[in-house]
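Each chain, letter by letter, is given below.
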Amino acid sequence: MRNPLQEQLLKAGLVKKNQVAQAVREQAKKHKGKQPSAPSTEQLEAQRLQAEKAARDRAIAAERNAQLRAAEARAQVQQIVDAHKVKREGEIAYRFTDGDRIRDVLVNEALRAQLAAGTLVIVRHGQGYELLPRVAADKVYERDATVIVLDHGQPAPGGTPDADDAFYSKFEVPDDLIW
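Residues numbered from 1 in each chain as written. Predicted model: local features only at pLDDT ≥ 70, side-chain atom pairs only at ≥ 80, totals over all residues. Heavy atoms only, no water.

Trainee: Just checking my understanding: could you explain the packing of helix α3 (residues 41-84) against helix α5 (residues 134-143) for this structure?
Mentor: The geometry of a pair of packed helices is captured by two quantities: the angle between their axes and the separation between those axes. Orientation of α3 relative to α5, taken along the N-to-C sense of each, is 170 degrees, at an axis distance of 9 Å. Here α3 lies roughly antiparallel to α5, going by the angle between them. Residue-level inspection shows A73, Q76, V77, I80 and H84 of α3 in contact with α5, the latter providing A136, K139, V140 and R143. Its residues assigned to classes, the contact of α3 with α5 shows five nonpolar, two polar and two charged. (Axes fitted to C-alpha atoms, helices over the stretch in contact; angles between N-to-C directions. Helix = DSSP H or I, 4+ residues; strand = E, 2+ residues; numbered from the N terminus. Parallel < 35°, antiparallel > 145°, perpendicular 65-115°, else oblique. Contact = heavy atoms within 4.5 Å. Nonpolar A, V, L, I, M, F, W, Y, C, P; charged D, E, K, R; others polar.)

Next comes the structure, spelled out in structure tokens:
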């Protein structure tokens, strides 16, 4: 399609038809080979805002997924405790610490021995506490170790006694030491 100036020049006889066609081809060639223009500041700002929004959306989605996984783990812990809790019976108060408070559960002599040996574990369940066998406690450890209040089967989180023994083995104890 020709522009109006080319049409006027052609009608006036100042140019020939093939000259106009040649000029059109050259202009088309020139436009075709042009690089795309550099993005304007508004386009750059829009792209930056879009990237920020995408990053923010990803962070929100990751947080939501983490919350869903945590809720799912809590629900699994509840199911494990409900399915495997040991019936508590007895008149002996077994005392333990939960955070900075001393709590107790009533058990019989057999349950007390199992708690001391580490075959039973005390877990926080709702407003109270329940006893779980070692197998179920290991499943609970995998999901949420914070609900386990007392476990004599696990080593203490402090130093290991083997490390203490190795340290003190360097010192000789006198034979005539009397306490």
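Trainee: Would you mind showing me how to read a nonpolar patch on the surface here?
Mentor: Where nonpolar side chains cluster on the molecular surface, the patch consists of F167, Y168 and F171 and spans about 360 Å² of accessible area. Of note, F171 is situated in the segment after α6 (161-168). (Patch = residues over 30% accessible without salt bridge, like charges linked within 9 Å, V, L, I, M, F, W, Y side chains within 5 Å. Areas by Shrake-Rupley, 256 points an atom, 1.4 Å probe, with all protein chains shown as cover. Salt bridge = Lys/Arg side-chain N within 4 Å of Asp/Glu carboxyl O.)

Trainee: So what exactly am I meant to see when it comes to the side chain of E130 here?
Mentor: Within the secondary structure layout, E130 lies in strand β4 (residues 128-133). As a buried residue without a salt bridge, E130 has its nearest oppositely charged side chain in R88, at a separation of 4.2 Å. Aside from chain neighbours lying at most four places away, what touches E130 is V81, K85, V86, R88, V121, I122, V123 and H125. (Buried < 20%, exposed > 50% of the residue type's maximum accessible area, 1.4 Å probe, protein only. Lys, Arg positive; Asp, Glu negative; His and termini not counted.)

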